[in-house]
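Breakdown of the fold
If you want the building blocks of each chain, they are given just below.
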Amino acid sequence: MSVTTAYQGSTLQNVDTVPLSVFAPLVKVYCPDAPDPLIADMVRLSVTDLCERTRCWRHIVTVDLTDNNQAVVAPEYSAIHLFETASLNGVPLEPTQYSHIEANNVGAARYITQVNPNTVAVIPFEAGTLELTLFLKPRHGEDYSSDTGRPENAFNIAPRYLYETMAEPIAHGALARILEMPGHGYTNPQAAQQYWMRFNAFCDRQFRHSIRGQQRAVKRARYKDF
């Protein structure tokens, strides 16, 4: 399986990743009493929110489907948020929910559906070359099966370019969530509101930028949010 990831018009081979712990200092400086596990969780929620709202994590993948009508098409630490384009052997596929597909569907492939967070299937099954452009987000849940010897959640990972280009708004989103939690020494609803305003303003700007860029793209499969 060959995989490339594209971001804001650029195609990147073997995109580098960072643990979400790299965002912690940007949160700690404004909320030093927040525990590290809480910061990690809130950073992941912030990254997830940003990815859903701005579609900033674009992933392009080509997979050869053979006799097994399921294909892992995204990194294990990620989840599919939207299908941007989908085709099998050059023929567009319609994104749909698995529950909407009849089990006895036969004939040529018509649909693409998400089976698991990072896995898809073609309905009806047809062998061939599956080409997808996806928008991803961090995967929900926990995986502490790493052999690193450190108690780190393997799902707390994001592309490095999110850290290099969006670290501050991601930290703002995490701070907003932490500071609005009631009953803690660091609780500060007024400051939380300010951080929400900054985070939301950034997401709105990035979404408008993304939509403007997509207007020039060839119209293919429709967006489908799972």
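Refer to the preceding data block for the structure.
Now for a description of the structure that goes with this document. For clarity, every value in this text was computed on a predicted model and none was experimentally measured.

**Focus: helix H2 (residues 36-54)**
A rise of 1.5 Å per residue sets the reference length of H2, with its 19 residues, at 27 Å; its end C-alpha atoms lie 27 Å apart and thus fit the reference within 8%. Those residues of H2 that fall on the buried side of the exposure criterion are Leu38, Ile39, Met42, Val43, Arg44, Ser46, Val47, Thr48, Asp49, Leu50, Cys51 and Thr54. Arg55 occupies a position one or two residues after H2 and carries a positive phi of about 55 degrees.

**Overview of the pattern of salt bridges**
Applying the stated criterion to the full structure yields seven salt bridges. Note that Asp204 and Arg53 form a salt bridge whose closest N and O atoms lie 3.6 Å from each other. Note that Asp204 is positioned in helix H4 (residues 189-214) and Arg53 in helix H2, a separation of 151 residues in sequence. Exposure remark for Arg53: the relative accessible area of 27% places this residue in the partly exposed category. If you follow the salt bridges from partner to partner, you end up with Asp49, Arg53, Arg177 and Asp204 in one network.

**Some thoughts on the side chain of Thr85**
Positionally, Thr85 belongs in strand S6 (residues 78-88). Of note is the side chain of Thr85, whose polar atom sits 2.9 Å from the side chain of Thr133.

**Some details on unusual backbone geometry**
Of the consecutive residues Ile123 and Pro124, the connecting peptide bond is found in the cis state with omega at -20 degrees. Here Pro124 is to be found in the loop between strand S10 (119-123) and strand S11 (128-138). Although it is not a glycine, Asn89 sits at a positive phi angle of roughly 55 degrees. Along the chain, the position of Asn89 falls in the loop between S6 and strand S7 (91-92).

**Notes on the pairing of S11**
Of all 11 residues in S11, nine are buried, a share of seventy percent or more. With eight bridges connecting them, strand S4 (residues 58-65) and S11 associate as antiparallel partners. Paired with Thr62 across the two strands is Glu131, which belongs to S11. Here nine bridges tie S6 to S11, and the two strands are oriented antiparallel to one another. Paired with Leu82 across the bridge in S11 is Phe135.

**Considering the nonpolar core**
Counting residues in hydrophobic clusters, the biggest one holds 55 residues, and the most contacted among them are Val43, Val73, Ile112, Leu130, Leu132, Leu162 and Ile178. At the level of secondary structure, the elements contributing two or more residues to this core comprise helix H1 (24-28), H2, S4, S6, S10, S11, helix H3 (160-179) and H4. For this core, the element with the highest residue contribution is H3, accounting for 11 residues. Residues contacting Ile178, with those up to four places away along its chain left out, are Val27, Cys31, Ala34, Leu38, Ile39, Met42 and Tyr186.

**Brief notes about the sheet that holds strand S9 (residues 111-116)**
Ordered in space as S5-S10-S9-S8, the four strands form an open sheet in which the pairing is mixed. The sheet terminates laterally at strand S5 (71-72) and strand S8 (94-95), the two strands that pair on one side only. Pairing between S9 and S10: five bridges, direction antiparallel. Pairing of Gln114 across the sheet is with Val120, part of S10.

Calculation rules
Residues numbered from 1 in each chain as written. Predicted model: local features only at pLDDT ≥ 70, side-chain atom pairs only at ≥ 80, totals over all residues. Heavy atoms only, no water. Helix = DSSP H or I, 4+ residues; strand = E, 2+ residues; numbered from the N terminus. Expected span 1.5 Å × (residues − 1). Buried < 20%, exposed > 50% of the residue type's maximum accessible area, 1.4 Å probe, protein only. Salt bridge = Lys/Arg side-chain N within 4 Å of Asp/Glu carboxyl O. Polar contact = N/O pair within 3.5 Å; in protein donor to acceptor, adjacent residues only side chain to side chain. Pairing = 2+ DSSP bridges. Core = buried A, V, L, I, M, F, W, Y, C linked by side-chain atoms within 4.5 Å. Contact = heavy atoms within 4.5 Å.

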